[in-house]
Amino acid sequence: MESAFIRWFIAGVFLTFLASVVIADIIGRIRRSSPSSRSGTGFRHATRHPQRQNGWKAGGRR
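In this report, the structure presented in the accompanying data block is examined.

## Digging into the overall build of the chain
Then, in step 1: A tally of regular secondary structure across the chain gives 1 helix and 0 strands.
Then, in step 2: By the burial criterion, 0% of the 62 residues in the chain qualify as buried.
Then, in step 3: On the chain, roughly 6,600 Å² of surface is accessible, and the fraction owed to carbon and sulfur atoms is 61%.

Right, dumping it as structure tokens:
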């Protein structure tokens, strides 16, 4: 094969990779800023544990 063909092929692979990274980043930004996120609605995530307090100040169980 000619060296020019190999250079064009490598350039094409690199540009394809670069475009996929840029597109994935744009999609990630759109998903993070979507209004369907429940950040301001008082929703508490299931993986987040409430602060554990011991003693008479702790109050009742949730």
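## A word on a nonpolar patch on the surface
Then, in step 1: On the surface, Phe-14, Leu-15, Leu-18, Val-22, Ile-26 and Ile-30 cluster together into a nonpolar patch covering about 580 Å² of accessible area.
Then, in step 2: The topology assignment puts Phe-14 in helix α1 (residues 3-32).

## Some points on the pattern of salt bridges
Then, in step 1: Taken as a whole, this structure holds 1 salt bridge when the rule is applied.
Then, in step 2: Note that Arg-29 and Asp-25 form a salt bridge whose closest N and O atoms lie 3.1 Å from each other. Of this pair, Arg-29 and Asp-25 both sit in helix α1, separated by 4 residues, roughly a single helical turn.
Then, in step 3: Since its relative accessible area comes to 53%, Arg-29 is described here as exposed.
Then, in step 4: The partly exposed category is assigned to Asp-25, whose relative accessible area is 34%.

Reading the values: rules and limits
Residues numbered from 1 in each chain as written. Predicted model: local features only at pLDDT ≥ 70, side-chain atom pairs only at ≥ 80, totals over all residues. Heavy atoms only, no water. Helix = DSSP H or I, 4+ residues; strand = E, 2+ residues; numbered from the N terminus. Buried < 20%, exposed > 50% of the residue type's maximum accessible area, 1.4 Å probe, protein only. Areas by Shrake-Rupley, 256 points an atom, 1.4 Å probe, with all protein chains shown as cover. Patch = residues over 30% accessible without salt bridge, like charges linked within 9 Å, V, L, I, M, F, W, Y side chains within 5 Å. Salt bridge = Lys/Arg side-chain N within 4 Å of Asp/Glu carboxyl O.

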